[in-house]
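So the chains spell out like this:
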Amino acid sequence: MFETMSEYQGIGLAAPQVHESLRVFVAGVRRAEVVTPMTDDVEMPFVALINPDILPVGEDVESNWEGCLSIPDIRGRVERPRAVRVRALDRSGRRIELVAHGLPARVIQHENDHLDGVLFFDRMVTFETLTFMDEFKRYWAKDEDE
Ligand SMILES: [Zn+2]
């Protein structure tokens, strides 16, 4: 799954996306020790989470762009809790618990949704920001740089 995720330049991949009906997902951008809390600053280490249980931490909600390997070339803004606590088994079957903030928290929630057949579309409050990648680069990314 890590290989497939890298091949498609993803930062997360859930088993149901590769036709495996298992509660497993992988995420991350680099091989490194898993730290907690995982924040935007640490460049998310690779994690493989089995039977994850995810709970929001605090009340903060954040809206940001998401895309999905199962829905190529489309972006949309999704509101999600800013921080989550994750309990799961790692790939060796050990219990792990970690807290994630920012982008890592977003990726974990997005992948966990796949385990329940939920796509980021289903989490969008409105479809106003739903956009093809080409338009995203031409209009949205430009606006956000200004
Ligand atoms: Zn996805």
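First things first, this report covers the structure right here in the doc.

Cut-offs applied
Residues numbered from 1 in each chain as written. Predicted model: local features only at pLDDT ≥ 70, side-chain atom pairs only at ≥ 80, totals over all residues. Heavy atoms only, no water. Core = buried A, V, L, I, M, F, W, Y, C linked by side-chain atoms within 4.5 Å. Buried < 20%, exposed > 50% of the residue type's maximum accessible area, 1.4 Å probe, protein only. Helix = DSSP H or I, 4+ residues; strand = E, 2+ residues; numbered from the N terminus. Contact = heavy atoms within 4.5 Å. Expected span 1.5 Å × (residues − 1). Donors = N, O, S within 2.8 Å, 3.2 Å for Na, K, Ca; no water. Phe/Tyr/Trp six-rings, centres within 6.5 Å; stacked < 30°, edge-to-face > 60°. Pairing = 2+ DSSP bridges. Axes fitted to C-alpha atoms, helices over the stretch in contact; angles between N-to-C directions. Salt bridge = Lys/Arg side-chain N within 4 Å of Asp/Glu carboxyl O.

As a further point, take the nonpolar core. Considering soluble globular proteins, one finds that nonpolar side chains tend to be buried as a cluster. Ranked by size, the top nonpolar core spans 17 residues in total, and within it Met38, Met44, Val84, Val86, Ala100 and Ile108 carry the most contacts. Top contributing element to this core by residue count: helix α2 (residues 102-115), with 4 residues. If near-sequence neighbours (up to four positions away) are discounted, valine 84 is found in contact with Ile54, Leu55, Pro56, Val57, Leu98, Val99, Ala100, Ala105, Ile108 and Gln109. Grouped together as the second largest cluster of nonpolar side chains are 6 residues, Ile71, Ile74, Val78 and Phe120 included.

This next bit is on α2. The end-to-end C-alpha separation of α2 is 21 Å, in line with the 20 Å expected for 14 residues at 1.5 Å each. Within α2, 13 of the 14 residues are buried, leaving the element largely enclosed by the surrounding structure. Just beyond α2, the residue with positive phi is glycine 117, at close to 70°.

Relative to the helices and strands, glycine 102 is located in helix α2. You can call glycine 102 buried: its relative accessible area is 6%. Along the primary structure glycine 102 and asparagine 112 are separated by 10 residues, whereas in three dimensions their C-alpha atoms are 15 Å apart. What glycine 102 contacts, discounting residues up to four positions off in sequence, is Asp40, Glu62 and Arg82.

Distances from the zinc ion to its protein donors, Cys68 (SG), His110 (NE2) and His114 (NE2), fall within 2.0 to 2.2 Å. Coordination of the zinc ion draws on donor residues from a single chain, spaced C-x41-H-x3-H in sequence. Of the two residues, cysteine 68 sits in strand β4 (residues 61-68) while histidine 110 sits in helix α2, which places them 42 residues apart along the sequence.

To continue, consider the packing of aromatic side chains. One pair of aromatic rings is described through two measures. These are the centre distance and the angle between the planes. Per the stated rule, a full pass over the model turns up 5 aromatic pairs. Their ring planes at 75° and their centres at 6.5 Å tell us that phenylalanine 121 and phenylalanine 127 sit as a pair that is edge-to-face. Classification of phenylalanine 127 as exposed rests on a relative accessible area of 51%. Joined through ring pairs, the aromatic side chains of Trp65, Phe136 and Trp140 make up one cluster.

In this section: the sheet that holds strand β2 (residues 24-27). Pairing within the open sheet is antiparallel, and its 5 strands lie in the order β1-β2-β3-β6-β7. The sheet terminates laterally at β1 (12-14) and β7 (95-101), the two strands that pair on one side only. In this sheet, neighbouring strand axes are inclined to one another by 40° on average, regardless of whether the strands run parallel or antiparallel. Pairing of strand β3 (residues 47-56) with strand β6 (residues 83-89) involves 5 bridges; the strand directions are antiparallel. Looking at β6, one finds that isoleucine 54 is bridged to valine 86. Sheet contacts for α2: β1, β2, β3, β6 and β7; angle to β7, the most-contacted strand, approximately 125°.

Opposite charge on two side chains permits pairing when their charged atoms draw close. If you walk through the whole model with that rule in mind, you get 10 salt bridges. The shortest N-O distance in the salt bridge between arginine 106 and glutamate 66 comes to 2.8 Å. Of the two residues, arginine 106 is situated in helix α2 and glutamate 66 in strand β4; the sequence distance between them amounts to 40 residues. This pair shows no difference in class: arginine 106 is buried, exactly as glutamate 66 is. When the shortest N-O distance is used, the salt bridge between arginine 85 and glutamate 97 registers 3.1 Å. Taken together, the residues span a long stretch of sequence, with arginine 85 in strand β6 and glutamate 97 in strand β7 at a distance of 12 residues. By relative accessible area, which is 40% here, glutamate 97 ends up partly exposed. Each of Glu66, Arg80, Arg106, Asp113 and Arg123 takes part in one network of salt bridges that share partners.

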